[in-house]
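# Fold and geometry: a report
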2 protein chains.
Amino acid sequence: MALRQIFADNLRRARLAAGMSQEELADVAGIDRTYVSALERCRYAASIDVMERLATALQVTPASLLEDVGDVV
Amino acid sequence: MALRQIFADNLRRARLAAGMSQEELADVAGIDRTYVSALERCRYAASIDVMERLATALQVTPASLLEDVGDVV
DNA sequence: CTGTGACTCGTAGTCCGTA
DNA sequence: TTACGGACTACGAGTCACA
C-alpha cells in the first residue's frame, strides 16, 4: 500500500473524528477546499508542510497521519 | 520548529545511524545525491512519496522520520 | 564526501464552476 | 457536503558543474 493512500485514509479518519467538513478543515488549515478533497481521494502527493498544517488543524501529530493502521476494511 | 526541519534532522540522524553516506542513501533510494543534500539542508519541503522512498531505503518507518525528538543539540 | 547555484520540467496547490 | 473538471501559478523534483 502506497504511503499516499495511508495518508489519505488517516486524513479522512482524523477529519471525521474531529467532526469537521472538508471545507472547515481546508479553512482552518489555510489550504484550498478542493485540494483537501483531492488529497483524500489520493490524487496528489502532499508536501511535508501541507501535512504539518493539516495535522495542526486536526490537532494530531504529523507522524500519526502516516501510521500504517493496516487494512481497516 | 518547522516540520521540514524535524524531517531534515531525522533524515540525517537515520542516515548516520545506518552508517550510510548521502551518496549511498541517494543510490539506494533512487534519487540524486545532491537532492539528499538539499533535503538535509532543509531546502525543500519533501513530498510524501520521497519520504516513503527515503524511509524504505533507511529501513525505518515513514512516521519515525517525522517524530519530534526535540532539540537533541 | 558534501554544499550550492543554476537550470529544466512536472506536479503540487489555487481558483473557477458544475453536478 | 463532496466529487470532479479545466486553467492557471508556484514550487518541488531531479540533474549538472564547481567549490
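As the structure is a prediction and not an experimental result, all values here were calculated from the model.

### Some remarks on the UniProt feature "domain: HTH cro/C1-type" (unreviewed entry) in chain A
The UniProt entry lists residues 11–65 of chain A under the feature "domain: HTH cro/C1-type" (unreviewed entry), expressed in the numbering used here. Here residues 11–65 of chain A runs as 62% helix and 0% strand, with 6 Å between its end C-alpha atoms.

### Some points on the packing of aromatic side chains
Residue and element names in this part refer to chain B. Taken as a whole and judged by the stated rule, the model has two aromatic pairs over all chains. Aromatic side chains Tyr35 and Tyr44 sit 5.8 Å apart centroid to centroid with 35° between the ring planes, which places their arrangement in the tilted category. Looking at Tyr35, the relative accessible area reads 25%, which means it is partly exposed. We classify Tyr44 as partly exposed; its relative accessible area is 38%.

### Side note on the interface of chain A and chain B
Tallying the contact residues gives 16 residues for chain A and 15 residues for chain B. The largest per-residue losses of area from chain A upon contact with chain B belong to A:Leu3, A:Ile48 and A:Leu66, which jointly make up 44% of the total buried on that side. Linking chain A to chain B there are one salt bridge. For A:Arg4, the salt bridge identified is with B:Asp49, shortest N-O distance 4.0 Å. Inspection of the chain A/chain B interface yields four residue pairs in polar contact (both at pLDDT 80 or more).

### Observations concerning the relation of the copies chain A and chain B
The operation relating chain A to chain B is a screw motion whose rotation component is 179°, with 0.1 Å of axial translation and a residual RMSD of 0.2 Å. Classification of the inter-copy transformation places it as that of a two-fold axis. Taken together, the interface assignments show that 94% of the residues at the interface of chain A recur at the interface of chain B, consistent with an identical surface on both copies.

### Regarding helix α1 (residues 3–17) of chain A
Residue and element names in this part refer to chain A. In this model α1 runs 21 Å from its N-terminal to its C-terminal C-alpha over 15 residues, within 8% of the 21 Å that 1.5 Å per residue would give. Here α1 has its buried residues at Leu3, Ile6, Phe7, Ala8, Asn10, Leu11, Ala14 and Arg15. Just downstream of α1 lies Gly19, where phi reads positive at about 65°.

### Quick notes on the packing of α1(A) against helix α4 (residues 48–58) of chain A
All names here are of chain A. The N-to-C vectors of α1 and α4 enclose an angle of 25°; their axes lie 10 Å apart at closest approach. Looking at the two axes, α1 sits roughly parallel to α4. α1 and α4 meet at a crossing whose hand is left-handed. When α1 is examined against α4, the residues Phe7, Leu11, Ala14 and Arg15 are found in contact with a partner set consisting of Met51, Leu54 and Leu58.

### As for the protein's contact with DNA strand C
The environment of DNA strand C is made up of 21 residues, and the closest members are A:Tyr35, A:Tyr44, A:Ser47, B:Glu23 and B:Arg41. Backbone sugar and phosphate groups make up 68% of those atoms of DNA strand C lying within 4 Å of the protein. Between B:Arg12 and DNA strand C, the recorded distance is 2.9 Å, taken from a side-chain N or O atom to a phosphate oxygen. B:Arg43 places a side-chain nitrogen or oxygen 3.4 Å from a base nitrogen of DNA strand C. Within the residue set of the surface near DNA strand C, elements represented by two or more residues are α3 (33–40) of chain A together with α1 (3–17), α2 (22–29) and α3 (33–40) of chain B. Here the residues of the surface near DNA strand C are counted per class, giving six nonpolar, six polar and nine charged.

Quick notes on the rules
- Sequence order as written defines the numbering, with residues in each chain counted from 1.
- Chains and ligands are labelled by the order in which they are written, letters from A for the one and numbers from 1 for the other.
- Only residues with pLDDT of at least 70 are given local features in this predicted model, and only at 80 or more are side-chain atom pairs given and counted; all residues enter the totals for whole chains, interfaces and linings.
- Note: side-chain values were computed over all heavy atoms of the structure, leaving out hydrogens and water.
- UniProt positions are given in the numbering used here, feature names are shortened, and annotations may be inferred rather than shown by experiment.
- Secondary structure elements are taken from DSSP: a helix is a run of H or I of four residues or more, a strand is a run of E of two residues or more, and numbering for both begins at the N terminus.
- Side-chain rings of Phe, Tyr and Trp (the six-membered ring for Trp) are treated as a pair once their centres are within 6.5 Å; stacked means planes under 30 degrees apart, edge-to-face means over 60, and tilted covers the remaining angles.
- Think of it in three bands: residues with accessible area under 20% of the maximum for their type are buried, residues over 50% are exposed, and the middle band is partly exposed, with areas taken using a 1.4 Å probe on protein chains only.
- Contacts are assigned to residue pairs with any non-hydrogen atoms lying within 4.5 Å of each other.
- The quantity reported as buried area is the accessible area (1.4 Å probe) lost by two parts once they are put together, taken as the sum for both.
- Here, a salt bridge means any side-chain nitrogen of Lys or Arg that lies within 4 Å of a carboxyl oxygen of Asp or Glu.
- Whenever a nitrogen or oxygen atom comes within 3.5 Å of another N or O atom, the pair is scored as a polar contact, on the condition that within protein one atom can donate a hydrogen and the other can accept it, and that pairs from neighbouring residues in sequence are kept only if both atoms are in side chains.
- Least-squares fitting of one copy onto the other uses the C-alpha atoms of those residues that reach a pLDDT of at least 70 in both copies.
- Expected span of a helix: the number of residues minus one, times 1.5 Å.
- Simply put, an axis is a line fit to the C-alpha atoms, just over the touching stretch for a helix, and the angle between two N-to-C directions goes from 0 to 180 degrees.
- Here is the rule for angles: anything less than 35 degrees is roughly parallel, anything more than 145 is roughly antiparallel, 65 through 115 is roughly perpendicular, and the remaining ranges are oblique.
- Each crossing gets its hand from how the near helix is turned against the far one by less than a right angle, where anticlockwise is left-handed and clockwise is right-handed.
- Any residue with a heavy atom positioned within 4 Å of a molecule or strand is treated as near that molecule or strand.
- In the scheme used here, Gly and all other residues not listed as nonpolar or charged are polar, with Ala, Val, Leu, Ile, Met, Phe, Trp, Tyr, Cys and Pro taken as nonpolar and Asp, Glu, Lys and Arg as charged.

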